[in-house]
Amino acid sequence: MKFSISRDALLKPLNLVAGVVERRQTLPILANVLMVLDGERLSLTGTDLEVELVGRVQLAASGDSGEVTVPARKLVDICKSLPEGSDIDFSVQDGKVTVKSGRSRFTLSTLPAREFPNVEDSMGTHQFTLKQGELKRLIDRTGFAMAQQDVRYYLNGMLWELSGKQLRVVATDGHRLALCTLPHKVDVNGDTQVILPRKGVLELSRLLLEEDAEIAVVIGSNHIRATTNDFTFTSKLVDGKFPDYQRVLPRSPDKSVFGSRLELRQAFTRTAILSNEKYRGVRLKLTDNSLDIVANNPEQEEAEETVPVEYRGDSLEIGFNVSYLLDVLGVLSGEKVKLSLSDPNSSALLEESDEGDSLYVVMPMRL
C-alpha cells in the first residue's frame, strides 16, 4: 500500500473518524483507524463497537491499493503538527507504516486489518432522506436534555420517532424534556421508534457540516446508518423503551406568560450568579405584567431581577433550576418566548410564541 495525499484533505476526515475512537480501549485494535485504499479512493474507519464512522477521500492520483490499521491519535497529532499545504507520502512495509512529509519522517506500528471489527450490516426497515441542516437543527434543539449517566440507560440517548411520515426527536433526563418536530413530512413507509445512544447523537451532529447537502438515513431493528457524500455513520441503537413523553406534556396550563427571550435570558444569567451552586434554584414570582426572579444561596446572598412580561391573572410563585431555563432560552430563536404554567407543583411548558416546531417541559423545584 502506497499513496500521496495533501495534509489538508486528510486532516478533516481523519479528525472526525478519530473522534469516535475511545482513548481507553479494551481491545488494542480499537485505538487504531482502518485505512483502505482502492485506486484513488481512500477510506478511513474508526469504531468503538457502538458507533462506527467511515470517511472517504478522493486522491489526486491513484496509489497502490491495500489496507492497514494505524494508531488514530498519533496519526492525527502528526498530521496536525505538519505545516499547512504540505503533502504526505504513506507507504507500508514489514508491518510498519512510514509517513513522510518534507524533511519529516515517522514510522508507526500497525495491526492487521483483518482483525478490525466490522459493525454488522442489518437490513434497514425504514429509509428517508433529509437535508443535513434540518437534521442538525433537530439535534441541536433537543440534545442538551439527554441524560449523561443515568441508571435508566434509555434516557442516555435520543428518541427518534417516525409517525405518520412525521419525524420527531425527543430527549429527557427526567427533570426536563425537549421535543422538536421536522416541519415537513418525510417520504418513509411505516412508523417506528428508536433510541440513538448519546455518543451516536454527538458524533452524528459533528458530521452535519453542509447545511443544504442531503443525508440518507436507514433505520434497522438494532442499527441506524446515515450516509453523506463524504461519510457513512453507523450506530447501534439502545435496546429499551423510551417513556411515553406525551404524558409529560402539561395538558391544560391556564396561565400564559409572554416575554422577551433576550431580556429573560440576561435576567436569568445574572440571578444565576447568586443561586445555590449545587441546586441552582431560582424563584419566579408572577404578578400582573411583571415577573420577579429571585435567587439566594447558603451564604445569605440574594439576587433579584424584575422583567416586564405580558401576563394577566392570579399571582403565582414557582421555583426552577435556572440552568434548565437557560438551556432552553439558549436554543430557542425569535423575539418572544411563551411560558405556560398552571400551579407551583406542575411542570412548565416553554416554546416560541409564534408557531414553532419545538416544545420544552421543565419540572418545578421546591425551594
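Residues numbered from 1 in each chain as written. Predicted model: local features only at pLDDT ≥ 70, side-chain atom pairs only at ≥ 80, totals over all residues. Heavy atoms only, no water.

A. Fine view of the overall build of the protein. In terms of regular secondary structure, the protein is built from six helices and 24 strands. Each principal axis of the C-alpha distribution contributes one length, and for the protein these read about 80 × 50 × 35 Å. The buried share of the protein, reckoned over its 367 residues, is 49%. Taking as baseline every contact in the protein between residues at least 6 positions apart, the subset at least 24 positions apart corresponds to 67%. When the accessible surface of the protein is summed, it comes to about 18300 Å², and 45% of that surface belongs to carbon and sulfur atoms. Averaged over its 44 positive side-chain charges, the protein has a centre that lies 4 Å from the centre of its 53 negative ones. (Helix = DSSP H or I, 4+ residues; strand = E, 2+ residues; numbered from the N terminus. Buried < 20%, exposed > 50% of the residue type's maximum accessible area, 1.4 Å probe, protein only. Contact = heavy atoms within 4.5 Å. Areas by Shrake-Rupley, 256 points an atom, 1.4 Å probe, with all protein chains shown as cover. Lys, Arg positive; Asp, Glu negative; His and termini not counted. Charge placed at Lys NZ, Arg CZ, Asp CG, Glu CD.)

B. Quick look at the nonpolar core. Counting 96 residues, the largest nonpolar core has M35, L42, L75, F90, W160, L204 and F268 as its most contacted members. The next biggest cluster of nonpolar side chains, apart from the first, holds 11 residues, and it includes L159, L179, V238 and F242. (Core = buried A, V, L, I, M, F, W, Y, C linked by side-chain atoms within 4.5 Å.)

C. Representation of the packing of aromatic side chains in the model. Evaluated as defined, the whole model comprises three aromatic pairs. Both rings, one in F144 and one in Y360, keep their centres 5.9 Å apart while their planes meet at 25°; by these two values the pair is stacked. Separated by 216 residues along the polypeptide, F144 in the loop between helix 3 (132-142) and strand 10 (157-163) and Y360 in strand 24 (residues 358-362) bring together distant segments of the chain. Exposure remark for Y360: the relative accessible area of 0% places this residue in the buried category. (Phe/Tyr/Trp six-rings, centres within 6.5 Å; stacked < 30°, edge-to-face > 60°.)

D. Structural context of the sheet that holds strand 18 (residues 281-287). A sheet is described by the order of its strands in space; here four strands give the open sequence 20-19-18-21, paired in antiparallel fashion. Lying at the two open borders of the sheet, with one neighbouring strand each, are strand 20 (302-308) and strand 21 (316-321). Each strand of the sheet is rotated relative to its neighbour by a mean of 20°, with strand direction disregarded. Where strand 19 (residues 290-296) meets strand 20, seven bridges bridge the pair, whose relative direction is antiparallel. Bridging from a neighbouring strand, I293 pairs with E305 of strand 20. (Pairing = 2+ DSSP bridges. Axes fitted to C-alpha atoms, helices over the stretch in contact; angles between N-to-C directions.)

E. View of the packing of helix 5 (residues 261-272) against helix 6 (residues 322-331). Following both chains from N to C, one finds helix 5 and helix 6 inclined at 150°, their axes separated by 10 Å at the closest point. In terms of orientation, helix 5 and helix 6 fall into the roughly antiparallel class. Like other packed secondary-structure pairs, helix 5 and helix 6 cross with a definite hand, here left-handed. Contacts between helix 5 and helix 6 pair R261, L264, R265, F268, T269 and A272 from the former with V322, L325, L326, L329 and G330 from the latter. Here the contact of helix 5 with helix 6 is built from residues that sort into seven nonpolar, two polar and two charged. (Parallel < 35°, antiparallel > 145°, perpendicular 65-115°, else oblique. Left-handed = near helix turned anticlockwise from the far one by under 90°. Nonpolar A, V, L, I, M, F, W, Y, C, P; charged D, E, K, R; others polar.)

F. Representation of helix 1 (residues 7-20) in the model. An ideal rise of 1.5 Å per residue puts 20 Å on 14 residues; helix 1 measures up with 20 Å between its terminal C-alpha atoms. At L14, helix 1 is bent by approximately 25°, the largest bend along its length. Within helix 1, the full set of buried residues consists of R7, L10, L11, P13, L14, L16, V17, A18 and V20. (Expected span 1.5 Å × (residues − 1). Bend = angle between axes of the 7 residues up to and from the residue.)

G. Up close: the sheet that holds strand 9 (residues 124-131). Taken together, the eight strands give an open sheet; going across it, the order is 5-2-3-4-16-15-14-9, and neighbouring strands pair in antiparallel fashion. In this open sheet, the two strands that pair with only one neighbour each are strand 5 (66-71) and strand 9. Averaged over all pairs of adjacent strands, the angle between strand axes in this sheet comes to 15°, irrespective of strand direction. Bridge count between strand 4 (residues 51-58) and strand 16 (residues 231-236): five bridges; the pairing is antiparallel. In the strand pairing of strand 16, L53 is matched with F233. Against the sheet, helix 4 (residues 198-207) engages strand 4, strand 14 (214-220), strand 15 (223-227) and strand 16, with an angle of about 170° to strand 16.

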